Amino acid sequence: MGHSYPEQMLDQERNPVFAKYKNALVAIGVDLSDELVIDYIRNCNYELEVRFQAIISYWYWLQNQQRELVAPNQVLMQAFYEQWQPFEWREEFLHNDEFKSTAEKWWEQARSIDILKNLIVDVKDNFWFGGKVIFQNPQGELWSMDLEIAMEMSWEELIAYYQRVTGIVIESHPGYFLLHNRSVS
């Protein structure tokens, strides 16, 4: 039997809530592949978002006390069982750099490279099975590659790969880039 994941078992109403908080939960140490954790999340029919906020706000409180969250899975289950309420919840808690997914961090770096911010149109973060980098050529055609492969490449290798796949030549000039089809000689 394969692994089951919370987002595959949640209804359409609760899946966006899970998606909103999953990176923060992983960052604070919750193991979202643990069957007990999955059961607690899947079986929560009341205030799922409130439980997630409670756990994350508790983590922030511990951080302010220079303390660590010990046994995050146990804390999550306790929060669900005891129906914890968030302590001084603020939406900006979710904007912590530690809570960004690998895909978000990689895309931020890629966007800092002038040419890449024009070639990459999206980075899809699947969370469980890696992700995809979505490229666009000058004609508007989209193509993708596995995020894991892209992350193993240097920026120069990624640009060279883009040129090979699309047949586009990228000329770098001070302040701008020219993209044109490779001439057949």
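Residues numbered from 1 in each chain as written. Predicted model: local features only at pLDDT ≥ 70, side-chain atom pairs only at ≥ 80, totals over all residues. Heavy atoms only, no water.

Novice: Go over the packing of helix 4 (residues 48-64) against helix 5 (residues 72-81) with me, naming the residues and quoting the values.
Specialist: The description of two packed helices rests on the angle between their axes and on the distance between the axes. As a packed pair, helix 4 and helix 5 sit with axes 10 Å apart at the nearest point and diverge in direction by 135°. One element, helix 4, and the other, helix 5, form an angle in the oblique class. Our pair here, helix 4 against helix 5, has a crossing hand that is right-handed. For the pair helix 4 and helix 5, the contacting residues are Leu48, Arg51, Phe52, Ile55 and Tyr58 in the first and Val75, Leu76, Ala79 and Phe80 in the second. Of the residues contributing to the contact of helix 4 with helix 5, the split by class is eight nonpolar, no polar and one charged. (Axes fitted to C-alpha atoms, helices over the stretch in contact; angles between N-to-C directions. Helix = DSSP H or I, 4+ residues; strand = E, 2+ residues; numbered from the N terminus. Parallel < 35°, antiparallel > 145°, perpendicular 65-115°, else oblique. Left-handed = near helix turned anticlockwise from the far one by under 90°. Contact = heavy atoms within 4.5 Å. Nonpolar A, V, L, I, M, F, W, Y, C, P; charged D, E, K, R; others polar.)

Novice: An account of the sheet that holds strand 2 (residues 131-136) is requested, with residue identities and associated values reported.
Specialist: Spatially, 1-2-3 is the arrangement adopted by the three strands of the open sheet, whose pairing is antiparallel. For this open sheet the edge positions go to strand 1 (120-125) and strand 3 (142-146), each flanked by a neighbour on one side alone. Pairs of neighbouring strands in the sheet enclose a mean axial angle of 20°, with direction left out of account. As judged from the five bridges shared by strand 2 and strand 3, these two strands associate in the antiparallel manner. (Pairing = 2+ DSSP bridges.)

Novice: Go over the packing of aromatic side chains with me, naming the residues and quoting the values.
Specialist: One pass over the full model with this rule turns up 17 aromatic pairs. When the centroid spacing of 5.2 Å and the interplanar angle of 90° are considered together, the rings of Trp89 and Phe93 count as edge-to-face. Accessibility expressed as a relative area gives 8% for Phe93, which makes it buried. Both rings, one in Phe135 and one in Tyr162, keep their centres 5.8 Å apart while their planes meet at 50°; by these two values the pair is tilted. Taken together, the residues span a long stretch of sequence, with Phe135 in strand 2 and Tyr162 in helix 9 (residues 155-166) at a distance of 27 residues. Residue class for Phe135 comes out buried when judged on its relative accessible area of 0%. Members of the aromatic cluster, connected to one another through ring pairs, are Phe18, Tyr21, Tyr40, Phe52, Trp59, Tyr60, Phe80, Trp89, Phe93 and Phe99. Above the face of the Trp107 ring, Arg111 is positioned so that its terminal group lies 4.4 Å from the ring centre. (Phe/Tyr/Trp six-rings, centres within 6.5 Å; stacked < 30°, edge-to-face > 60°. Buried < 20%, exposed > 50% of the residue type's maximum accessible area, 1.4 Å probe, protein only. Lys NZ or Arg CZ within 6 Å of the ring centre and 35° of its normal.)

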